[in-house]
Structure formats: structure tokens, C-alpha cells
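Structural description and commentary
Below are the chains, spelled out letter by letter.
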Amino acid sequence: ITLTITNPNVSTTLTGVSVTDTLPAGMTVAAPPSATNTCGGTFAPNAGDTSVSLSGGTIAPNSSCTLTFNVTTNALGDPVNTTGNVSSTNGGTGNAATATLTVSAVLPPSIAKSFSPAAIASGGTTTLTLTITNPNRATTLNGLAVTDTFPAGMTVAAPLTFTNTCGGTLQDDLGGSLDAGDSGIQLTGGTLAPNSSCTITVLVTATQSGTNTTGNVSSTNGGTGNAASAPLSVGNRVADLQAAKSADPTTVSSGGAIRFTIVLTNNGPDAADGATFSDDVPVQVTILNATCGAATGGAVCGGNPTISGQSVTHTIPTFPSGGAVTITIDGIVTGNGDFTNTARIAPPAGTVDPDQLNNESRVSAVVSNAGLAADLALTKSVDPVNYTPGSALTYTIVVRNNGPSDVNGAIVTDIFPSALVNPRWSCVATGNATCAAGLRSGNLVDTVNIAAGSGNYLTYTVTALVAADANTPINNVVYVALPSGFADPTLDNNSARVVSDFAGASSIEAPSGMPVGNIVVVDPVIVKLVDPALALPGELVTYTLTVTNPSNAPASAVVVSDTVPAVLQIISATATQGTFTISGQVVIFNVGTVNPGQVVTLTVTARLRDDAPAPSDVTNTGELRHQTGNPRTSSAVLRITRGRLPATGLPPAEPSGAAEALGLLIAGVLLIVSGMLLWSRLRRR
């Protein structure tokens, strides 16, 4: 406690200065008191005193003096200490002074634990670190103690290497001297200053993976704290694999193109041949292509990734320490709703990764339909429609912009199947349009500009040889995607498909559905019904959407969307396969893969709102999309009526001005005919 006494007089010395400070309950002068006095007079606090006094002090004009002494307390809380009034012989009585002390219980120590590195080869070494913390602001912790018994396969490494900043004695976990080969450590008698930490480090070795947990840390005056755990991975090799992912653009319109770029790096120290990459692309993106390239540091891609539904996977056959490869995934955003995409890299069997936090990388994209609109449309044909192995195929692709806006920066993509050898392509622009000049080789990926209007279009000519061993239909799809900031009002015509058969069948151009050779190339079929088809406001209706795959090939990444009209309130939904989400008036069914001949049934139950206009017809359309084909739609019409006739259940006839006029005309004609017959009879008489 510090008492400061001030003489405010400019020219008068204060004499006989005195003050008494009675301490609050539970507070006494500490041992030792460590008292100081610059006020003169008598000031002699003793350990255990509950009050202190100054008498006979002297303070020069316009100056101050201080009294200090140490106290201790055993009472928790916020005791308030108020002195008596200070006084002097020649200056009279002055003020009293107050101070508050916050007293809290002595808190126990805490402990944390880590291995660095967190993964080692079998028989390798790592540094075990125990960090002990004193959370008390003013109290030193004494008698620090903790025991750490290692898991099976872990021992203190040779040569013995350790540090200890916690004081006390560091021994093995049984209390003996610490030596290489010991299976644990023990600290006793440590000391830790207030609000500080200390560390113990020991070099250890291990032959198997495991989690190491300490006993509870404790101190003599702070009691018992927590225990700490840390995992250690042990394998034949160690490789820190890292994934770093980006998206371009990060804000994209529905119908626009997006590219994900993932850089995979092996930070070593060992090779990770056979490391696996995976990326589950969100359903809002239709995947066009995935490639592996830009291999550096001795890494080898070993081909391109595999696309299965919305999943992209790849195994890196050669991945030395310091090596890197780049995976790119190109797609078109065909759904609404923002999304997050995560890529992962995993070490091969027998290899451990010391830092698994960098094995995943995610990127978010915003799907915006605000901005310009342009309906880009594709058509595609092939010649000849029936190929001969080793002969040439020629594709003709036409890209148009049906408006209303001009487009700069659209992307045309055609990833040719492996059965086509040495594909080459060229483009001719007509009207106000531009595309790549000259003859190009490889896959068709072109950034183009097309003004709106029928006179502006691009014509691509693609030639390729059919592989000599080809013996199955060649299925080829071309896509066009808008740049960011555009929305396409008609996504159905953003892709076009042609199929050539080696067995003499005819070409199929999107739309599909005709037989090709030994297979049938068709898109899944969606049929929508409503029951009942006639309803009153307030009644429930059920829409049933049936998805059927009539092909003999699976349909991947099937998604069905149903935007329910506003006059209906969605009550529930069901699906015999996959999952669904309800957001406002929209139900999205993520059906997944529909196998050949399979039927999936989806339902949406809704209630007609009480203010639904009657009589009226409400059309509800469901849309089906999948990975490689064209969107399909099916609609059901619900009749809203005021009531039903008891006998038929049909709505009563609505009044019609035309019907009434026709009735009056017929009545008039009948009246005239009756009059003529009556006049004829009268003449005969």
C-alpha cells in the first residue's frame, strides 16, 4: 500500500503530520513489512498489524512524501481500504483516502503439449514440448509437478537432449534419473512466476503412431490443473502435402464459366508417390473438363483426373519432395445459390503427413443473376455419321447470340474423346463476331465475342482421325459459357451433342433419343402430375415427379428443381433416392446417379392459399438436369375452382356472355318457326 501526503502551501512547512490507516477485515501487514517513509516522524509497521500510523512528520512547502508497506489478505472479494483523516499541527485536518483491492483465489497451473514435427518415420526423432502456464496475476506458483508416461513404442531418444525452464527437478516418470530409453518424464518442485509460462522439451523417438497424454499438472499453492494430449503419426515415410485452391471468377452468373485451379505441393522431406487428390464439385457446377499439368520439381501427372458425377479424383504417380502439379477443373454454373468447393490431397499408404491442416483448401463463389442477359445457342453436326476406324470425322459447330445483349468473353469448349486422334480446328466469324484465327490443334477452348442478332455467328470446323481400334459410338459434346456478369435465359441450348457409330447407324444430334449402333443415347425422362387436378382454396395437392432413365448407360449428377407457384404453400417433400432442400418456393432434389431402367419418384405436397384466385389455372414446371445431357422439363396444370357439383365433382359452369347470346338466338329462331307453323294451319282452315 502506498500513502502519498501532499503539502499544498507555497511557503509554509507542515509539522506534526499524522495519519492512521486501519486495514479492512482479513488484511494484515505482511512479513516482512518492507516499509518505507519519506515523511519523517515515526512510522513502524509490524508483521501482523491490522493498522499503521504516522506521527510527527514534516513536509516542506509545495511538496509530497510517501509511506509504503506490504500487506496480505485471506479474504476473497474487493475489500475497500480507507484511511483516517490526515492532519498537521499547524495546518489542521485534511481529507481521508480510499483504495480498493481485488482479491481472487490462487488458480491452478495449466499445461499444453505438442510434437514437432507431428509426423516422423519409424525410428525417427521429434521434440516433445510441455508448456506450463501460471494464470495468476500476482501469485507465484510453487511445487510445480507433472508426470508424462509415453505411449507404447515411444522412448527418450539418444543422445539425451532436454531443456527445463520450470525449475525443480526433471526425472524419468518413475522418479529415477532421466536417461535415453526411458518411457516417460516427471517434473517435481518447479516454480513459476505470476502471469508467465515455462517449458520442458525432450527429444523422443517412436516406432508406432499414438496419442500421448500427460497426468494432471499441479502446484502446492494452486492445486490441480488439467492434463494435455498430442498425437504423433509414425510411418515409413514423411511428406508434408499441401493444397492451394482458387476460383476464377469468384462471382459468376448462372450460365457462366468457372475454373478451379488447385496447386498440389510436396513439401517433403520424403517422396509421396501415389498421393491422391479429390474434389467434390458442388451441384451448381456442370463439369466440362479436368486436367493435370504444370508439373515441376520432378513430379509427374500421369494423365488427367477422373470425372465421376460431381467427383474429380486423381493419383499422382511420381511426387518427390519439392515437386508440384496443378489441377484445373473447368465448368459451367448451371444452378443458383452460392457455394463453397473444397479440394483435398492425401498421402499414400505408409506415408504420414506432419501438417494435415494444409491438406485441404476451399474457395467460395457467389452466383449472381443480376446484370446483362444473352441467349447463346449452339448447333453441331458430324460427317460422316457412320465412321470407319482410321478414317476422318468432320464436326461443324455454329455459335449464335440470340440477344438481347452483345457478349465479349464467352468461352466455347469441346473436349474431344480419346477415340479422336490429332484433332484440329478452325473458326470463321460472320458479322460482328470474333474468334481464334488460324488452324489450332488439341481440344477446342476459345474465348469469343458475339454481338446479338441473327447475322452474327461463329462457325467452327473440327477434323480428326478415328483411332484404328475404335469400335464403339463416339459421343462428343460442345459447350458455350457466358462471361461473369451475364445471365443466360435459356440454358437448354448452351450445349450440343452428336454421336457417330461405327456400325452403320445414323447420327444423333441434340436433341437425343434415337438408336445409335448398339446403344440408345437418351437423356433421363421427367414426368410431372398433380393430384387432385381440381382443388379449392385451402386444400392440399401433391405434385409427383417421376424420373426414368431409358438409356443403357447411367445418368450422373441428376438434379431436379421445382419452383412452386406463389399461390401454393409448400408443406413437405419426399424422394425415393437422394436428398432435397426447400428454400422459399423452390425445392431442389439432388438425385445423384440414375442407373439404366431405374425410376426415381419425387413428391411435393402444397396447400392452396386461402386467397388463391378462382377460377384460374396454375402451371407448375419441374426441370431435370444432369452432367452430360440436355435439361428436360415437364409441367402439370392445377385448376382452382370456387366449388364442385355434387354428382360429378366437376366445377360449376362459369357464366358466359357468348353462351347467353347463343341461347337467346336459338329461342328466337324457335319462336319464329312456331309462328310460321301456326299461320300455315290457320290458312288450311
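Below is a summary of the structure that appears in this document. (Residues numbered from 1 in each chain as written. Predicted model: local features only at pLDDT ≥ 70, side-chain atom pairs only at ≥ 80, totals over all residues. Heavy atoms only, no water.)

1. Here's the deal with the overall build of the chain
To be explicit about the condition: The helix and strand labels rest on DSSP assignments: H or I over at least four residues marks a helix, E over at least two residues marks a strand, and numbering proceeds from the N terminus. Only protein chains enter the calculation, and the probe is 1.4 Å; a residue is then buried if its accessible area is under 20% of its type maximum, exposed if over 50%, and partly exposed in between. Whether two residues touch is decided by their heavy atoms; if any such pair falls within 4.5 Å, the residues are in contact. Only the protein chains shown count as covering a residue, and every accessible area follows the Shrake-Rupley method with a 1.4 Å probe.
Counting secondary structure elements, the chain contains one helix and 59 strands. Buried positions account for 41% of the 685 residues belonging to the chain. Counting only contacts in the chain whose residues sit at least 6 apart along the sequence, the fraction spanning at least 24 positions is 71%. Carbon together with sulfur atoms contributes 54% to the accessible area of the chain, which is approximately 31,100 Å² in total.

2. Some details on the pairing of strand 58 (residues 616–625)
Cut-off, in case you're wondering: Two strands form a pair only when DSSP identifies at least two bridges running between them.
Pairing geometry for strand 53 (residues 555–563) and strand 58, over four bridges, is antiparallel. Residue V560 lies in a different strand from strand 58, and its bridge partner there is L624. With nine bridges connecting them, strand 58 and strand 59 (residues 632–640) associate as antiparallel partners. Paired with N620 across the bridge in strand 59 is A636.

3. Considerations on the environment of N432
Along the chain, N432 falls in the loop between strand 39 (420–430) and strand 40 (433–434). Taking the C-alpha atoms as reference points, N432 and L458, separated by 26 residues in sequence, lie 9.7 Å from one another. When sequence neighbours within four positions are dropped, the list of residues in contact with N432 reads N449, I450, A451 and N456.

4. Comments concerning the pattern of salt bridges
To keep things clear, this is the line we draw: Salt bridges are counted wherever a side-chain nitrogen of Lys or Arg sits within 4 Å of a carboxyl oxygen of Asp or Glu.
According to the stated counting rule, one finds nine salt bridges in the structure shown. As a salt-bridge pair, K380 and D414 come within 2.7 Å of each other at their nearest N and O atoms. On the criterion of sequence distance, the pair formed by K380 in strand 36 (residues 372–383) and D414 in strand 38 (residues 407–414) is long-range, its members being 34 residues apart. On the accessibility criterion, D414 (0% relative accessible area) is buried. Notably, a salt bridge pairs E623 with R625, separated by 3.0 Å at the nearest N-O pair. Put simply, R344, E360 and R362 are held in one network by salt bridges that share partners.

5. Describing a nonpolar patch on the surface
The criterion, for reference: Patch membership needs two things, relative accessible area over 30% and no salt bridge, and members are linked within 9 Å if like-charged or within 5 Å if nonpolar (Val, Leu, Ile, Met, Phe, Trp, Tyr).
On the surface, V525, V527 and L529 cluster together to form a nonpolar patch covering roughly 250 Å² of accessible area. Structurally, the position occupied by V525 is in strand 50 (residues 525–531). Looking at V525, the relative accessible area reads 38%, which means it is partly exposed.

6. Examining the sheet that holds strand 45 (residues 486–487)
Read from one edge of the open sheet, six strands run 41-39-43-37-36-45, paired in mixed fashion. What marks the edges here is a single partner per strand, and that holds for strand 41 (440–441) and strand 45. Sheet analysis places strand 36 next to strand 37 (residues 392–404), joined by nine bridges and oriented antiparallel. Bridged to T379 within strand 37 is V398.

7. A look at the state of the cysteines
As a reminder of what qualifies: The definition used for a disulfide is geometric: two cysteine sulfur atoms within 2.5 Å.
By the definition in use, this model includes four disulfides. Across a sulfur-sulfur distance of 2.1 Å, C292 and C301 are joined as a disulfide pair. Because the sign of the S-S torsion sets the handedness, a value of about -75° for the bond joining C292 and C301 places this disulfide among the left-handed ones. Given the relative accessible area of 11%, C292 is considered buried. At a sulfur-sulfur separation of 2.1 Å, the disulfide partner of C427 is C435. Between C427 and C435, the S-S dihedral sits near -105°, and the bridge is therefore left-handed. Note on C427: relative accessible area 13%, which makes it buried. In the chain, the cysteines engaged in disulfides, taken in order along the sequence, are linked 1-2, 3-4, 5-6, 7-8.

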